[in-house]
Amino acid sequence: MQKSAFGALLAATTALSPLAATAQTEIQFWHAFTGRLGELVAEQVETFNESQSDYTVNATHKGNYSETLNAGIAAFRAGEQPHILMVFEVGTATMMGAKGAIKPVYEVMAGDDFDPDAYIGAVKGYYTTTDGQMLSLPFNSSTPVLWVNRDALEGAGIDPDTDLSTWQNVDAVLDQLAEAGHDCPLTTAWQSWIHLENLSAYHDVPFATQDNGFAGLDTELAFNGPVQVQHIAQMGEWADEGKFIYAGRRNEGGANFRAGECALFTESSAGYAGIKSEAKFDFDVRPLPYWDGVEGAPQNTIIGGASLWVMEGHDPAEYEAAGAFLNFLSSPEIQAKWHQDTGYLPITTAAGELTREQGFYKENPGTDVAVKQMTTNTPTANSKGLRLGSFDQIRGIIDEELEAVWSGDKDAQAALDSAVERGNQLLRRFERASN
């Protein structure tokens with residue numbers, strides 16, 4: 001949505017009361033966004049605050065995803081919890097198991113034209129109970145894609161429109177880039193999320209038993225199977241040959257790609273905001289590659305990002321304010337602008353349809369790749385998502401073991417076997433604590 005249209009929306013929804021100064025209810029919203037995403041969240045909050053006179057939302061950045069979750073837990077224990085807390089997707093099982101700490105959004109948003117069926121199933125399913133009740137609002141949902149520096153390919157004598165849909169094709173292009181002397185043919189962000197969690201879903205193989213944790217707390221990790229081992233072994237070879245450059249566990253590789261140093265980059269679809277604002281080269285976005293020959297691939301990728309949880313322990317008037325804010329964030333106009341500005345998925349069907357009607361996908365080719373990748377196929381038990389306790393800590397274990405592969409200290413099978421064994425110990429501890 002263009003800025004002028006957004007301004008018109010704001011003007012149309014603004015009706016300030018002369019009693020606004022005394023009647024406003026204040027609520028606290030803790031989030032994990034900095035940079036361009038932080039600016040866009042601040043804009044949303046400001047727009048909401050100016051669009052009505054009953055409520056004020058105060059937004060506060062609390063660090064990265066892990067730090068924000070830990071800050072929320074510590075605040076709840078101290079009786080100083082915010083009203084709304086952003087929690088990344090791997091914290092979902094932890095929040096669901098936090099008895100007495102959360103107030104489900106289906107209760108908070110009820111009565112404000114709340115329609116759970118308006119939300120895209122592949123997104124909503126991550127944050128709902130087994131009977132379909134939404135526990136948190138899927139605020140910023142993304143899925144991994146392949147970002148391409150077209151200038152880097154052209155500079156290496158490669159057709160920038162070359163087919164990169166399979167890892168076999170990517171392998172051939174990495175060879176060509178290396179032969180041309182390119183220092184960073186491929187880098188990645190969020191290695192566990194993209195190269196194990198999404199790899200498993202995209203190839204319709206389990207990451208864990210019990211429907212990846214959705215069917216019970218007695219789940220066990222299963223990402224040491226043939227498909228995962230083959231992929232990590234290949235990446236280990238690329239690392240050894242200088243074709244895959246490992247930059248860090250989170251999104252450290254993003255700076256390298258945005259600076260034009262790397263040719264290919266596996267990263268969230270939400271990398272769009274930063275890449276669009278910083279890249280001084282011609283780029284495009286492609287679907288995440290898959291291994292040709294694996295039965296069922298490509299299936300669908302799964303979401304990352306975060307959802308908004310409402311915390312217990314507040315007054316009814318404050319929950320009314322929280323419900324109004326969450327419904328505002330879900331409105332088609334606000335969601336469409338967020339999707340278009342950031343690359344995050346539209347969380348409602350209406351926001352996606354509005355974006356298409358506005359001509360955004362036509363004017364910005366590739367920006368609908370993530371939506372198609374998520375929604376073309378009906379999710380299976382292996383591809384609807386992950387719901388695992390202590391998953392942030394399990395990801396830390398996976399990061400350690402993958403780093404051992406990239407450095408040549410372990411082979412892929414040994415590393416993934418170790419990650420599964422160590423991670424299962426945490427799952428058993430979580431299961432005992434939850435029963």
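Above this text is the structure in question.
About the thresholds
Residues numbered from 1 in each chain as written. Predicted model: local features only at pLDDT ≥ 70, side-chain atom pairs only at ≥ 80, totals over all residues. Heavy atoms only, no water. Helix = DSSP H or I, 4+ residues; strand = E, 2+ residues; numbered from the N terminus. Buried < 20%, exposed > 50% of the residue type's maximum accessible area, 1.4 Å probe, protein only. Contact = heavy atoms within 4.5 Å. Areas by Shrake-Rupley, 256 points an atom, 1.4 Å probe, with all protein chains shown as cover. Lys, Arg positive; Asp, Glu negative; His and termini not counted. Charge placed at Lys NZ, Arg CZ, Asp CG, Glu CD. Salt bridge = Lys/Arg side-chain N within 4 Å of Asp/Glu carboxyl O. Axes fitted to C-alpha atoms, helices over the stretch in contact; angles between N-to-C directions. Parallel < 35°, antiparallel > 145°, perpendicular 65-115°, else oblique. Left-handed = near helix turned anticlockwise from the far one by under 90°. Nonpolar A, V, L, I, M, F, W, Y, C, P; charged D, E, K, R; others polar. Phe/Tyr/Trp six-rings, centres within 6.5 Å; stacked < 30°, edge-to-face > 60°. Lys NZ or Arg CZ within 6 Å of the ring centre and 35° of its normal. Pairing = 2+ DSSP bridges. Core = buried A, V, L, I, M, F, W, Y, C linked by side-chain atoms within 4.5 Å. 1 Å grid on protein atoms, 1.4 Å probe; cavity = no way out; pocket = protein on both sides within 12 Å on 5 of 7 lines; lining within 4 Å. Points joined across faces, edges and corners; volume = space filled by probe spheres on them. Expected span 1.5 Å × (residues − 1).

Looking at the overall build of the chain
Then comes step 1: Within the chain one finds 21 helices and 10 strands.
Then comes step 2: Taken along the three principal axes of its C-alpha coordinates, the chain extends 70 × 55 × 35 Å.
Then comes step 3: The proportion of buried residues among the 435 residues of the chain is 57%.
Then comes step 4: Considering only intrachain contacts with a sequence separation of at least 6, the fraction spanning at least 24 residues in the chain is 79%.
Then comes step 5: Per element, the accessible surface of the chain, about 17300 Å² overall, is 48% carbon and sulfur.
Then comes step 6: Where the 27 positive side-chain charges of the chain centre and where its 60 negative ones centre are 3 Å apart.

Re the pattern of salt bridges
Then comes step 1: Counted by the stated rule, this structure contains 20 salt bridges.
Then comes step 2: Across the salt bridge formed by K243 and D175, the nearest N and O atoms sit 2.4 Å from each other. Of the two residues, K243 is situated in the loop between α12 (226-240) and α13 (252-258) and D175 in helix α9 (residues 167-179); the sequence distance between them amounts to 68 residues.
Then comes step 3: Given the relative accessible area of 11%, K243 is considered buried.
Then comes step 4: What you see here is one network of salt bridges that share partners, running through R150, D161, D282, D284 and R286.

Thoughts on the packing of α12 against helix α21 (residues 412-434)
Then comes step 1: Contact geometry of α12 with α21 gives a least axis separation of 9 Å together with a crossing angle of 125°. Between α12 and α21, the angle is such that the two are oblique. Judged by the twist between their axes, the crossing of α12 over α21 is right-handed. Contacts from Q228, V229, I232 and A233 of α12 reach α21 at A412, Q413 and L416.
Then comes step 2: Looking at side-chain class alone, the contact of α12 with α21 contains 5 nonpolar, 2 polar and no charged residues.

Observations concerning the packing of helix α3 (residues 35-51) against helix α15 (residues 316-330)
Then comes step 1: Running from N to C, α3 and α15 point in directions that differ by 120°, and their axes come no closer than 11 Å. Classified by the interaxial angle, the pair formed by α3 and α15 is oblique. Pair α3 / α15 crosses with right-handed handedness. Together, Q44, V45, T47 and F48 of α3 and A321, A324, F325, F328 and L329 of α15 make up the contact between the two elements.
Then comes step 2: Per-class residue counts for the contact of α3 with α15 are 7 nonpolar, 2 polar and no charged.

Comments concerning the packing of aromatic side chains
Then comes step 1: Inspection of every chain in the model, using the stated rule, returns 21 aromatic pairs.
Then comes step 2: Arranged with centres 5.2 Å apart and planes meeting at 55°, the rings of F48 and F328 form a pair that is tilted. Of this pair, F48 sits in helix α3 while F328 sits in helix α15, and the two are 280 residues apart along the sequence. Each member of the pair F48 and F328 is classed as buried.
Then comes step 3: If you follow R395 out to its NZ or CZ, it ends over the ring of F391, 5.6 Å from the centre.

Considerations on the sheet that holds strand β8 (residues 264-268)
Then comes step 1: Spatial ordering of the open sheet is given by β7-β8-β6-β9, a layout of 4 strands whose pairing is mixed. Each edge of the open sheet is held by one strand with a lone partner, namely β7 (186-188) and β9 (283-286). Recorded for the sheet is a direction-independent mean angle of 25° between the axes of neighbouring strands.
Then comes step 2: Relative to β9, strand β6 (residues 144-149) is paired through 4 bridges, and the arrangement is antiparallel.

What about the environment of Q234?
Then comes step 1: Along the chain, Q234 falls in helix α12.
Then comes step 2: Measuring from C-alpha to C-alpha, the distance between Q234 and W167 comes to 9.6 Å, with 67 residues separating the pair along the chain.
Then comes step 3: Ignoring anything within four residues of it in the chain, the contact list for Q234 reads D171 and W291.

Concerning the nonpolar core
Then comes step 1: Counting 132 residues, the largest nonpolar core has F207 and L264 as its most contacted members.
Then comes step 2: Tallying contributions element by element places α15 first for this core, with 8 residues.
Then comes step 3: Setting aside anything within four residues of it in sequence, one finds L264 in contact with L146, W147, V148, L164, V170, V173, L174, P185, L186 and T187.

Examining empty space enclosed by the protein
Once rolled over the atoms, a probe with the size of a water molecule shows which space is left empty.
Then comes step 1: On inspection of all chains with the given rule, the structure shows 3 cavities of 30 Å³ or more.
Then comes step 2: If you add up the space inside the largest cavity, you get close to 100 Å³.
Then comes step 3: The class makeup of the residues in the lining of the largest cavity is 6 nonpolar, 6 polar and no charged.

Quick look at α12
Every α-helix winds through 3.6 residues per turn, so residues three or four apart in the chain are directed the same way.
Then comes step 1: For α12, spanning 15 residues, the distance from its first C-alpha to its last is 21 Å, which sits close to the expected 21 Å at 1.5 Å a residue.
Then comes step 2: Among all positions of α12, only V227, Q228, V229, H231, I232, Q234, M235, G236, W238 and A239 are buried.
Then comes step 3: Just downstream of α12 lies G242, where phi reads positive at about 75°.

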